[in-house]
Amino acid sequence: MIDPLRLLVGLVRTPSLSGEEGAAADFLLRALRTFCDVEIGPGGAVVGQLKRGKGPTLLLTGHLDTVPPGDEAAWSVPPYSGEVREGCLFGRGAVDMKGAIAAQVAGAARALTEIQGTLLFAYVTHEETAEGAVLARVLDEFPKPDLVILGEPTDLRLGIGH
């Protein structure tokens, strides 16, 4: 079982500026390796696959990179602390978008007995600096998914299409 909070804390504590996502990719790779086939793919993306019989193909995706923290003195906590305070986790990338990645991975691990079909994972690099470039390369290597879930923050509004 993967604890989503522990996974998120680990991801936030691992700086991953665009072009410097290697350590975060390795951290995520280790978590995914506990339940699916996974590797470092095009552009340094973390790509994984879990096949469970016949059924639809679902792609869970997001980006590992973050923008720089800016003036660290302006933060209420250090930007890479992953501090939990009053039920909220603070740190660079917690919302955009390491929280969604942790939720997707932990949710998939918990739902293993329920999965029918193919579950694909693509956690890309360089989204903040070259949106879509690495994902396009990854998608060239994957079977066409029937459904894609991108955990990009939308103020809790469902966004259809991107």
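This is a predicted model, so every value here is computed, not measured. The residue numbers shown here count from 1 along each chain, following its written sequence. pLDDT decides what is reported in this predicted model: residues at 70 or higher carry local features, side-chain atom pairs at 80 or more are listed and counted, and totals for whole chains, interfaces and linings draw on all residues regardless. Hydrogens and water molecules were not included; the side-chain quantities draw on all heavy atoms of the structure.

Here's the deal with the nonpolar core
Okay, step 1: What makes a nonpolar core is a set of buried Ala, Val, Leu, Ile, Met, Phe, Trp, Tyr and Cys residues whose side-chain atoms join them at distances within 4.5 Å. Throughout this description, buried means an accessible area under 20% of the type-specific maximum (1.4 Å probe, protein chains only), exposed means over 50%, and partly exposed covers the range between. Residues Leu28, Leu32, Phe35, Val46, Val105, Phe121 and Tyr123 are the most contacted members of the largest nonpolar core, which totals 33 residues.
Okay, step 2: Contributions of two or more residues to this core are made by helix 1 (4-12), helix 2 (22-32), strand 2 (46-52), helix 3 (94-110) and strand 6 (117-124).
Okay, step 3: Strands are runs of DSSP state E lasting at least two residues, helices are runs of H or I lasting at least four, and both sets are numbered from the N terminus onward. Broken down by element, this core gets its largest block of residues, nine residues, from helix 3.
Okay, step 4: Setting aside chain neighbours within four positions, we find phenylalanine 121 in contact with Leu32, Phe35, Cys36, Val46, Val47, Gly48, Gln49, Leu59, Leu60, Ala108 and Phe142.
Okay, step 5: Counting nine residues, the second largest nonpolar core, distinct from the first, contains Leu120, Ala122, Val138 and Phe142. We call two residues in contact when some of their heavy atoms are within 4.5 Å.

With respect to the pairing of strand 1 (residues 37-40)
Regular strands have side chains that alternate between both faces of the sheet.
Okay, step 1: Two strands pair under a simple rule: DSSP has to find at least two bridges between them. Taken together, the four bridges between strand 1 and strand 2 define a ladder with antiparallel strand orientation. When the sheet's bridge partners are listed, aspartate 37 is paired in strand 2 with glutamine 49.
Okay, step 2: Following strand 1, the chain reverses through five residues before pairing antiparallel with strand 2; glycine 43 in that reversal takes a positive phi of roughly 65 degrees.

Notes on the packing of aromatic side chains
Okay, step 1: Two rings from Phe, Tyr or Trp (for Trp, the six-membered ring) form a pair when their centres sit within 6.5 Å of each other. Planes less than 30 degrees apart are called stacked, planes more than 60 degrees apart edge-to-face, and all others tilted. Taken as a whole and judged by the stated rule, the model has two aromatic pairs.
Okay, step 2: Relative to phenylalanine 121, the ring of phenylalanine 35 lies with its centre 5.9 Å away and its plane at 80 degrees, an arrangement referred to as edge-to-face. With a gap of 86 residues between them, phenylalanine 35 in the loop between helix 2 and strand 1 and phenylalanine 121 in strand 6 connect regions that are remote in the sequence.
Okay, step 3: What makes phenylalanine 35 buried here is its relative accessible area of 12%.
Okay, step 4: Judged by centre distance (6.4 Å) and plane angle (40 degrees), the rings of phenylalanine 121 and tyrosine 123 are tilted.
Okay, step 5: Look at phenylalanine 121 and you get buried, because its relative accessible area is 0%.
Okay, step 6: Through a chain of ring-to-ring contacts, the aromatic side chains of Phe35, Phe121 and Tyr123 assemble into a single cluster.
Okay, step 7: Note on criteria: charge over ring means Lys NZ or Arg CZ within 6 Å of the ring centre, with the direction from the centre no more than 35 degrees off the ring normal. Between arginine 85 and the ring centre of phenylalanine 90, over which it is positioned, the NZ or CZ distance is 5.5 Å.

Function cannot be read off these values alone, since they describe shape.
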